[in-house]
Amino acid sequence: MSEEGGQVTTGRRSSRRWAWRAGVAAVLIAWLVLGSLGGPTVGRLSEVQENDNANFLPKQAESTLVNNESAKFVDSTALPYFVLIERDSGITPDDLAKANAFLAKVPSIELGEGKTIGQYLASPAKTVIPSEDKKALLLTVELDGDRADEVVKEGETVLFAVADQMRTEIKQSLTPSGLQVYVTGPGGVFADFVVAFGGIDGILLGVALIVVFVILLIVYRSPVLPIAVLLTAVFGLALAALVVYPLAKNNVIELNGQSQGILFILVVGAATDYSLLLVSRYKEELHDYESKYDAMRTAWRAAIEPIAASSATVILGLLCLLLSQLGSTKGLGPVGAIGIAGALISSMTFLPAVLLAFGRRIFWPAIPRVDHVHASDQVGGRKLWGRVSGLVGRSPRKVWALSALGLLICGAFLPTFSASGISQEDLFLNKVESVTGQEELAKHFDAGAGTPVQILTPVDLADKVVQTAMKVDGVGTATASVAPGVPPKVVEGKVLVQATLKIAADSADATKVVEHLRTELDTVSPDILVGGTTAINLDVLDASNRDLKVIIPTILAVIFVVLMLLLRSVVAAILLVLCNVLSFGATVGVSAIAFNHIFKFPGADPSIPLYAFVFLVALGIDYSIFLMTRVREESIQQGTRKGILVGLAVTGGVITSAGVVLAATFSALAVLPILFLVQIAFMVAFGVLLDTTVVRSLLVPALSHDIGRKIWWPSKLAKADN
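These figures come from a predicted structure and were not determined experimentally.

### Quick notes on the overall build of the protein chain
- What the protein chain contains, in helices and strands, is 20 helices and 12 strands.
- Considering only C-alpha atoms, the protein chain reaches an extent of 110 × 55 × 50 Å along its principal axes.
- By sequence separation, contacts in the protein chain at least 24 residues apart represent 81% of the contacts at least 6 residues apart.
- Entry remark: accessible area of the protein chain is about 29,700 Å², with carbon and sulfur atoms responsible for 59%.
- Each charge class in the protein chain can be summarised by its mean position, and for the 58 positive and 63 negative side chains these summaries are 14 Å apart.

Below is the structure:
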């Protein structure tokens, strides 16, 4: 080469380096600006939450129709707080006088910044009601439900402030006299939910990031690289929040406390998984390339296909939730999809820029050098994944048969999984005042008092409806009158009959009573509609069961198509889908054993199976995608069976690390004392570990090895020599 030619080549290389550096700087600056805007938005997501079951039901649901019509008879937006006062030795005249005095004082109780409870009441405070055993008094305070989410002062909504201030005021007034007092009812329960979900913005995200950081320190044995990966997750969440917040604020999508918590976990877990795969491939290429830019170019091109396919699978799976009849489930679809998209974008743009900015030093103290040492050299070696790949190569049929048998045994317990719904009180894993109050309330009054079943009927059938309702086991009282001796209100030829249940209105048993009540009233007239809190819960259960039948097959079809296009194989796609369904069944079976016999949970929300399926199948398939894309790459060069063993050895460590990170991230949901989130945390964490240690490590590679090159049918690779 001439001196002039050498100078031109050197100049081109220098020019490319400057272009790379400029690009890296531009990407980092852009993400810093985005993070400064999105970071505060993450903390504001709780402002646009909606947590009312009634608002999530489809418009055609029977309870929704009744709820809309009942506004003509009573204030259907009223949110009742029950104040229970009890004395074991019996209520005294002085106790009754104090209770009436407190009830009269309620409107003037200050909420802060010059605002009082009276400004937010739906109706004047009602009369104090003594119990039949004369040991308790019940006071009802009805809040205007439409204003419950208004902020009275920083960090406090009307919903929470009313419960908090009433608790403070009544305990100061009455408890020194030996009375027990509780603020409970729907308003008290929702207020306690506010406290329980108060950890989402700070505690949940903090725990998740700390857990991930510790695991990454162990995986990378580097103090700097874990920080880069965590920043990738944080920036991905900031990007997602910038999109979710305005959409939720303008009611384009629904956001509740559960979906917000899941959003945080999804983004952190997915961003970390994608980062692990990219970093692993980048480190691998640094052993072959002197230039960090050439190594990154090769690594990025190799990683983008499986990562993009993985994220597309999860996004499409989540978007299938738009088929749900429940607004809460439907809302999680786009919320989660936006989160996964944010994780994908940050891991494929911000992280590469950080890696290039630091160069090889980011791996300190184990800095990779150009030595042409590859992970593929581990097959059959002494290292863990070399031994695992060797085992699969020696006895593939025995490995997959034993793995499948173990999964089938676990899956045999799937029918014992109970997801027929639970009461609001059972959702709390810690003892809160509203739960204790509801338990005490049931000792002195009908447990359904204050949350009646609402029956909309033609006026000429009102008496027949009352008589029929009273015959249904579990119904305490039924009347069309708002007060004794007062005729019922008639609107457009209809009246509203209100029935009080003997059991807690939000319990699983109560839904059976309402289901029986609907059946009996249908024999009277199909024009009679049953609504109220219990009917809402029943309609939620019915909608959840319908969603399972519609959404699960849709998700499986979508995943199958993505896998078929990615791997250019029908057989491989079928194999991966079946293996992950088997893994899901095993996870549900083990969860049933754990929930029923170890943790002794009272049951599960009806949406739990669907949520678990989406996360376990859509996320669990990621690890098989990561494995099989690398297997296909190696199979082209070395043949199918050799490619399977090399792919397993090469990806074993990074995929297992990714699974551990995702399992640990979802486990962070357990810090919130909400049964739904704890159950999701257990099922996803266990299921992901099962996927990474059994399905992806043993079952899939052993089956693929046993099948051989036909695993790639109908692509040309199925006809190649192996």
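### Observations concerning the pattern of salt bridges
- One pass over the full model with this rule turns up 21 salt bridges.
- Where E150 meets R147, a salt bridge forms, and the shortest distance between an N and an O atom there is 3.0 Å.
- Residue class for E150 comes out partly exposed when judged on its relative accessible area of 32%.
- Where K431 meets E439, a salt bridge forms, and the shortest distance between an N and an O atom there is 2.9 Å.
- Taking the relative accessible area as the measure of exposure, K431 reaches 59% and is therefore exposed.
- What makes E439 partly exposed here is its relative accessible area of 40%.
- One network of salt bridges, in which partners are shared, links R167, K171, D192 and E433.

### A short note on the pairing of strand β5 (residues 136–144)
- Of all nine residues making up β5, nine are buried, and the element is well covered by its neighbours.
- Pairing analysis gives nine bridges linking strand β1 (residues 78–86) to β5, with the strands arranged antiparallel. Considered in β5, the bridge of E86 is made with A136.
- With two bridges joining them, strand β4 (residues 129–130) and β5 adopt antiparallel strand pairing. Bridge assignment links P130 to a residue of β5, and that residue is L137.
- Counted between consecutive antiparallel strands, the loop separating β4 from β5 contains five residues, among which K134 sits at a positive phi close to 60°.

### Some thoughts on a nonpolar patch on the surface
- A contiguous nonpolar patch, built from L402, L405, I409, F413, I593, I598 and F599 and spanning about 670 Å² of accessible area, is present on the exposed surface.
- Listing elements by their share of the nonpolar patch, those giving two or more residues are α12 (396–411) and α17 (570–598).
- The greatest single-element share of the nonpolar patch, amounting to three residues, is contributed by α12.
- Counting through the fold element by element, F599 comes out in the loop between α17 and α18 (608–638).

### Focus: the nonpolar core
- Counting residues in hydrophobic clusters, the biggest one holds 198 residues, and the most contacted among them are I85, M166, F615 and F666.
- No other element matches α18, which puts 18 residues into this core.
- Counting 21 residues, the second-largest nonpolar core is a separate cluster that includes V453, I455, A469 and A478.

### Brief notes about the sheet that holds β4
- Overall, antiparallel pairing links the four strands, which are arranged β4-β5-β1-β8 in an open sheet. Both edges of this open sheet fall to β4 and β8 (180–184), since each of them pairs with a single strand only.
- Packing against the sheet, helix α3 (residues 93–105) makes contact with β1 and β5, and its axis sits at approximately 5° to β5.

### Points about helix α9 (residues 292–319)
- An ideal rise of 1.5 Å per residue puts 40 Å on 28 residues; α9 measures up with 38 Å between its terminal C-alpha atoms.
- The sharpest bend along α9 measures roughly 35° and falls at I304, with the proline P306 sitting one to four residues further on.
- Capping the start of α9 is the job of one residue whose side-chain oxygen sits 3.2 Å from the backbone nitrogen of Y293: S291.

### Let's talk about the environment of V562
- By secondary structure assignment, the location of V562 is in helix α16 (residues 533–567).
- The exposure class of V562 is buried, given its relative accessible area of 14%.
- Along the primary structure V562 and E633 are separated by 71 residues, whereas in three dimensions their C-alpha atoms are 18 Å apart.

### Focus on the sheet that holds strand β10 (residues 475–479)
- Spatial ordering of the open sheet is given by β10-β11-β9-β12, a layout of four strands whose pairing is antiparallel. If you trace the sheet from one side to the other, it starts and ends with β10 and β12 (529–531), each paired once. Neighbour to neighbour, the strand axes of the sheet diverge by 25° on average, direction disregarded.
- Strand direction decides the pairing type here: strand β9 (residues 453–458) and strand β11 (residues 494–501), joined by six bridges, are antiparallel. Residue pairing in the sheet places P458 in a bridge with K494 of β11.
- Running at roughly 85° to β12, helix α2 (residues 62–70) makes contact with β9, β11 and β12 of the sheet.
- Each of β9, β10 and β11 touches helix α14 (residues 462–471); the most contacted strand, β10, lies at about 170° to it.

### Points about unusual backbone geometry
- Cis geometry is found at the peptide bond from W364 to P365, where omega equals 10°.
- Take P365: it is sitting in the loop between α10 (327–358) and α11 (384–394).
- For the bond running from W713 to P714, omega is 10°, close enough to zero to count as cis.
- Its location among the elements puts P714 in the segment after α20 (675–707).
- Unlike most non-glycine residues, R568 shows phi in positive territory, near 55°.
- As for its placement among the helices and strands, R568 is situated in the loop between α16 and α17.
- Judged by relative accessible area, which is 41%, R568 ranks as partly exposed.

### Looking at the side chain of D95
- Tracing the backbone through its elements, the reader meets D95 in helix α3.
- Those residues in contact with D95 that sit more than four places away from it in its chain are R87, G90, L137 and L179.

### Description of the confidence of the model for the protein chain
- Across the protein chain, pLDDT averages 85, with 93% of residues at or above 70.
- When mean pLDDT is taken per element in the protein chain, α12 scores highest with 96 and helix α1 (residues 3–44) scores lowest with 76.
- Counting contacts from residues 1–5, a segment whose pLDDT is below 50, to residues more than four positions away or on other chains yields two contacts.

### A look at the packing of aromatic side chains
- Overall, the coordinates contain 15 aromatic pairs when judged by the stated rule.
- Ring centres of Y611 and F615 lie 6.4 Å apart, and the angle between their planes is 85°; this geometry places the pair in the edge-to-face category. With a gap of four residues between them, Y611 and F615 both fall in helix α18, about one helical turn apart. Take Y611 and F615: they sit in the same class, and that class is buried.

### Describing the pairing of β8
- The buried fraction of β8 is high, at four of five residues.
- As paired strands, β1 and β8 are joined by five bridges and run antiparallel to one another. Following the sheet pairing, F82 is matched in β8 by T184.

Cut-offs used in this document
Here the residue numbering is sequential within each chain, running from 1 through the sequence in written order. Reporting of local features is limited, given that this is a predicted model, to residues whose pLDDT is at least 70; pairs of side-chain atoms are given and counted only at 80 or more, and all residues count toward the totals for whole chains, interfaces and linings. The side-chain quantities take in all heavy atoms of the structure and omit both hydrogens and water. In this description a helix means any DSSP run of H or I spanning at least four residues, a strand means any run of E spanning at least two, and both kinds are numbered starting from the N terminus. Any two residues whose heavy atoms approach within 4.5 Å are treated as being in contact. Values of accessible area rely on a 1.4 Å probe in the Shrake-Rupley scheme; residue burial ignores everything except the protein chains shown. When charges are counted, Lys and Arg contribute as positive and Asp and Glu as negative, whereas His and the chain ends are disregarded. In this description, the location of a charge corresponds to atom NZ of lysine, CZ of arginine, CG of aspartate or CD of glutamate. What makes a salt bridge here is a side-chain nitrogen of Lys or Arg within 4 Å of a carboxyl oxygen of Asp or Glu, nothing more. Each residue gets one of three labels from its accessible area relative to the maximum for its type: buried under 20%, exposed over 50%, partly exposed in between, using a 1.4 Å probe on protein chains only. Here, any two strands with at least 2 DSSP bridges between them count as paired. Residues forming no salt bridge and having over 30% relative accessible area are the ones grouped into patches, like charges within 9 Å of each other and nonpolar side chains (Val, Leu, Ile, Met, Phe, Trp, Tyr) within 5 Å. Side-chain atoms within 4.5 Å link the members of a nonpolar core, which is a set of buried Ala, Val, Leu, Ile, Met, Phe, Trp, Tyr and Cys residues. Axis lines are fitted to C-alpha atoms, over the contacting stretch for helices. Their N-to-C directions set the angle, which ranges from 0 to 180 degrees. Between the first and last residue of a helix there are one fewer steps than residues, each counted as 1.5 Å, and that sum is the expected span. The term bend refers to the angle at a residue between two fitted axes, each drawn through seven residues, those ending there and those starting there. Each polar contact in these results corresponds to two N or O atoms within 3.5 Å; when the atoms are within protein, one needs to be able to donate a hydrogen and the other to accept it, and residues that are neighboring in sequence are counted only if both atoms are side-chain atoms. The predictor rates its confidence in each residue with pLDDT, a number between 0 and 100. Any Phe, Tyr or Trp ring, taking Trp's six-membered ring, that has another such ring centre within 6.5 Å forms a pair; planes under 30 degrees apart are called stacked, those over 60 apart edge-to-face, and the others tilted.

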